[in-house]
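Tertiary structure, described
Next come the chains, spelled out residue by residue.
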Amino acid sequence: MSNWLIAWRSIQQRKLPSILTALSMAMGVMLIVAVLTILGVVEDSFRNKSSLGYNMLIGAKGGSLQLTLNSVYYLSEPIENIPYDYYLEYLSPEQRDAEYGNSIQGYAYDATWQTLQADAALTGGGFGGTAALLDGFILEAAKQATAKQWDYSEFFQQLENKILPIEVGRKTKYHGYTGITIPLCLGDYFGRFRVVGTTPAMFDSLRFGKNASKEFRFSEGRNFQTWSEDHGFYEAVVGATVAREHNLQVGQEIAPSHGAADGDVHAKKFTVVGILASSGTPQDRGVFINMEGFYLMENHAKPITRGEIQPLTEFEETDASGRTLPLPIEQREVTAVLLRTREVIHAVFLENLVNEGNEAQAALPVAEIRKLFDLIVEPIRVLMLFLTTMICVVSGISILVSIYNSMSERRNEIAVMRALGAGRWTVGCIVLLESLILACGGGTCGWLFGHTLNWGAGPYIEEFTGVSVGFFDFAPSINVLALLGSQPTMKFELSMEFLLIPALVLLAAIVGFWPAVEAYRTDVAKSLGK
Amino acid sequence: MLELTNVEKSYLEPDGSRLAILDIPSFQLAAGEQTAMIGRSGCGKTTLLHVIAGISHADAGDIVLDKVQVRRLSEEARDRFRAHCIGYVFQTFNLLPGFSALENVILGMSFARGKRDVTRARELLNRVGLSHRATHKPVALSVGEQQRVAVARALANRPSLLLADEPTANIDPTNQQNVIDLIRNTCREENISLLIVTHAMEVADQFERIDRLEDINRVTQSKHGENTENTLAQPEVY
Ligand SMILES: Nc1ncnc2c1ncn2[C@@H]1O[C@H](COP(=O)(O)OP(=O)(O)O)[C@@H](O)[C@H]1O
Ligand SMILES: [Mg+2]
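Residues numbered from 1 in each chain as written. Chains lettered and ligands numbered in written order. Predicted model: local features only at pLDDT ≥ 70, side-chain atom pairs only at ≥ 80, totals over all residues. Heavy atoms only, no water.

1. Notes on the side chain of arginine 209 of chain B
Residues and elements named next belong to chain B. You can see arginine 209 is positioned in strand S9 (residues 209-212). One polar contact links arginine 209 to glutamate 33, side chain to side chain, over a distance of 3.0 Å. Those residues within four positions of arginine 209 in sequence are excluded, and the remaining contacts are Phe27, Gln28, Leu29, Glu33, Gln34, Thr35 and Ala36. (Helix = DSSP H or I, 4+ residues; strand = E, 2+ residues; numbered from the N terminus. Polar contact = N/O pair within 3.5 Å; in protein donor to acceptor, adjacent residues only side chain to side chain. Contact = heavy atoms within 4.5 Å.)

2. Focus: the sheet that holds strand S8 (residues 193-197) of chain B
Residue and element names in this part refer to chain B. If you trace the five strands from one edge of the open sheet to the other, you get S6-S7-S8-S3-S9, paired in parallel fashion. The two strands at the open ends of the sheet, each matched to only one other strand, are strand S6 (86-89) and S9. For this sheet, the mean inter-axis angle between neighbouring strands, taken without regard to orientation, is 20°. In this structure, strand S3 (residues 34-38) lies alongside S8, joined through four bridges in parallel fashion. Bridge pairing links methionine 37 to valine 197 in S8. Where helix H5 (residues 143-155) meets the sheet, it contacts S6 and strand S7 (161-165), and its direction lies at approximately 170° from that of S6. Along the sheet, helix H6 (residues 173-189) contacts S3, S7 and S8; its crossing angle with S8, the most-contacted strand, is approximately 160°. (Pairing = 2+ DSSP bridges. Axes fitted to C-alpha atoms, helices over the stretch in contact; angles between N-to-C directions.)

3. Observations concerning the sheet that holds strand S1 (residues 2-12) of chain B
Residue and element names in this part refer to chain B. One open sheet holds the four strands; their spatial order is S2-S1-S4-S5, and the pairing between them is antiparallel. If you trace the sheet from one side to the other, it starts and ends with strand S2 (18-29) and strand S5 (68-69), each paired once. Alignment of S1 against S2, held across ten bridges, turns out to be antiparallel. Paired with lysine 9 across the bridge in S2 is leucine 22. Contacts from helix H1 (residues 45-53) reach S1, S2 and strand S4 (60-65), with the element oriented near 115° to S1.

4. Some remarks on the pairing of strand S16 (residues 336-341) of chain A
Residues and elements named next belong to chain A. In terms of burial, S16 is largely enclosed, as five of its six residues are buried. In this sheet, S16 lies alongside strand S1 (residues 56-59) in antiparallel orientation, the contact comprising four bridges. When the bridges of S16 are listed, leucine 57 appears paired with leucine 338. Relative to S16, strand S3 (residues 178-190) runs antiparallel, the two sharing six bridges. From the neighbouring strand, leucine 184 faces S16, where its bridge partner is alanine 336. (Buried < 20%, exposed > 50% of the residue type's maximum accessible area, 1.4 Å probe, protein only.)

5. Digging into unusual backbone geometry
Phi angles above zero are rare outside glycine, and serine 76 of chain A is one such case at about 70°. Within the element layout of this structure, serine 76 of chain A appears in the loop between helix H3 (64-71) and strand S2 (82-83).

6. Quick notes on the pairing of S3 of chain A
All names here are of chain A. The element S3 is extensively covered by neighbouring structure, given that twelve of its 13 residues are classed as buried. Of the strand pairs in this sheet, S3 and strand S4 (residues 193-198) are connected by four bridges, and their pairing is antiparallel. Bridge pairing in S4 places aspartate 188 opposite valine 195. Strand direction decides the pairing type here: S3 and strand S10 (residues 257-258), joined by two bridges, are antiparallel. The residue of S10 that forms the bridge with tyrosine 189 is serine 257.

7. Brief notes about the pattern of salt bridges
Tallied over the entire structure, the rule returns 27 salt bridges over all chains. Among the salt bridges present, the one from arginine 14 of chain A reaches glutamate 434 of chain A, with a minimum N-O distance of 2.6 Å. You can see arginine 14 of chain A sitting in the loop between helix H1 (3-13) and helix H2 (15-50) and its partner glutamate 434 of chain A sitting in helix H14 (residues 424-465), a full 420 residues away along the chain. For arginine 222 of chain A, the salt bridge goes to glutamate 235 of chain A, with nearest N and O atoms at 2.7 Å. Remark: glutamate 235 of chain A occurs in strand S8 (residues 235-238) and arginine 222 of chain A occurs in the loop between strand S7 (218-221) and S8; sequence separation between them is 13 residues. Of the residues examined, arginine 222 of chain A reaches a relative accessible area of 31% and is grouped as partly exposed. Ionic contacts of the salt-bridge type, sharing partners, join the residues Arg418 and Arg424 of chain A together with Glu75, Asp79 and Arg82 of chain B into one network. (Salt bridge = Lys/Arg side-chain N within 4 Å of Asp/Glu carboxyl O.)

8. Considering the side chain of serine 395 of chain A
Residues and elements named next belong to chain A. Relative to the elements of secondary structure, serine 395 occurs in helix H13 (residues 365-419). With relative accessibility at 3%, the residue serine 395 sits in the buried group. Not counting chain neighbours up to four residues away, the residues in contact with serine 395 comprise Ser24 and Met25.

9. Overview of a nonpolar patch on the surface
A cluster of nonpolar side chains, Phe472, Phe474, Phe498, Ile501 and Val505 of chain A, forms an exposed patch at the surface whose accessible area comes to about 480 Å². Turning to its location among the elements, phenylalanine 474 of chain A is positioned in the loop between H14 and strand S18 (477-479). (Patch = residues over 30% accessible without salt bridge, like charges linked within 9 Å, V, L, I, M, F, W, Y side chains within 5 Å. Areas by Shrake-Rupley, 256 points an atom, 1.4 Å probe, with all protein chains shown as cover.)

10. Brief notes about the packing of aromatic side chains
Enumeration according to the criterion identifies 16 aromatic pairs over all chains in this entry. Centre to centre, the rings of tyrosine 86 of chain A and tyrosine 174 of chain A are 5.8 Å apart; their planes meet at 65°, and the pair counts as edge-to-face. With a gap of 88 residues between them, tyrosine 86 of chain A in helix H4 (residues 84-88) and tyrosine 174 of chain A in the loop between helix H8 (153-160) and S3 connect regions that are remote in the sequence. Comparing tyrosine 86 of chain A with tyrosine 174 of chain A shows no difference in burial state: the two are buried. Pairwise contacts between aromatic rings join Tyr74, Phe203, Phe208, Phe216, Phe218 and Phe288 of chain A into one cluster. Across from the ring centre of phenylalanine 207 of chain B, 4.0 Å away, lies the NZ or CZ of arginine 184 of chain B, which sits over that ring. (Phe/Tyr/Trp six-rings, centres within 6.5 Å; stacked < 30°, edge-to-face > 60°. Lys NZ or Arg CZ within 6 Å of the ring centre and 35° of its normal.)

Okay, here's the thing in structure tokens:
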């Protein structure tokens, strides 16, 4: 009969205390597994978000964390905007030219150009020099503005002073380093969720997840378009969480509220054309509207007048065919730009280049997220692990108490075994094994409970975080060698859960030690027959 | 076979003085011989058995069993020697409550490493007439049955000496005779020496050899009166 069986029989003999102590150990281990898994999920989802598909944020000068919270997570207090023409510096010359086509200046320039061309055709000569072109341009700009009945007296003033609101021909300075460029216009809310004015590229071009390999999928509908026959500029796409919470369907109309969750509700309504499938990214919590529509909402046009002259409200222009015109770029601003640099190594260079200038700041979101993670999640992880470890230690102590309490009534049993020829070591060892069986048996149950819990909660976790958790998913791995020595040269990765095994054995040995010594020291002659 | 020479045992009193219990100039038991040891309560019978079994360490003298100097063995070796060569039956609480009758018998074997024989355990239970109760836990057995299991267990390792410390003190007379017969017959069959302590004269009278501990123990010979006081003053052990 092995010592294991003898230990097991002794546990069986005291069923209730044994079950209770093993159960408390099971609970402790279950909590550890749950905490490790939850922290793993949190870290995974952070990692998911680190693979945002972009590696740089451009925003107004200020805190880089604030910029990250706003433009990555759609959280925190809104931040300042950056000029639209600054944003244009990140676009290609072709894109920029196309954007300039939609500027007051552009309209004026076109008109001037046409007039001059007509004049030239009439006179049959040249344009009459650069001065004539410039004067004509200013004149025509004024004319154009008057024709459109814009109240831009200050703009005229500026024109007369030859201070142009946008620098014609300004270089697309940063374009050489950019791959994907996605502008964000923040400031509006839909319920508790942020409304994000952006371009369709947000879902067409952006990829997320590991190696930026995942596409955004729509559980219903499609991506919004810059302009559609049915809804004009007013199309919206909502994240999975938003759709669930507000019970939104494709085809429904939503009206963002201005400035805050309880701000004035805009008159303009956007039609939901798509609902994003849950991706575990912050996009789940966003309402994405077409930037063109965003600009056309009241209070969203940047007043280019200053002083007493009030900005135009409800700016909306239609062209000759009655089609709504987009807001001229002079009246636009963006809150942030999500950038994917052309090459990864461009990031640091571009970051310095941007931060040296005084127009905007560049932030590396992954670094910011890491900082955030270290700031918030890391202490929580340490605290949670500490607490759950304490629970296990307390369970260990309850094992100690249970075995120790039984020692007085077992003294005779131990003496009988000794009289039968069992050595001191053997009886001590049996008590240690008992502690080991209780701790590891309870631990195994706890591990199973924990993983069953994960398995049961898996669908919900996946729905809310986009991270899938199954029965056989283990807590994140760590380099075990790093625990032993300071600077490991080799890698031996093992899930943190496996550390539970040596930890439990150690705990069992520690709590079993004292009663084992008691057993070891039992005075056989005195204890026999008692 | 079993030979005690000048064996002394004393206990340390709380006041620091030594309380002598045993001083036995000579005691012998031949192989297969059976003897009943009688003596007043508290005169040191249990202590003597403990000393022979190596459960207690004698202060002086030689204890030789099967040519082995028990007193010279290390504790570990004594434990192993006990497992192999000595069977022990106590007055009460012989069995481990967590184990079935059969397991209790096997337990007797498992401490003597290498000797584990379930067939013999069943055979022994059969011999003590308890084969039908092999899977019962001690609580489900009567005291008489428990003692019979204890006898089976004591014999499990084919010891050369069986020590029985008032094995029938708590049993009714009919069962008492059964247990005594069982012990005597098996010891005879397996050529095991038997040293049985009893204070029941009807038990002792059945033996050809009877030893009075007071007669072979110098302590009780000389300090008779003092020791009586001691016995009265202290709670009895067995
Ligand atoms: N551990 C001990 N310490 C001190 N005295 C003891 C101890 N064990 C037994 N004694 C004393 O030794 C004497 C002999 O005890 P014991 O051998 O149990 O007697 P018996 O079995 O003959 O009744 C008794 O007086 C008892 O009180
Ligand atoms: Mg006694």
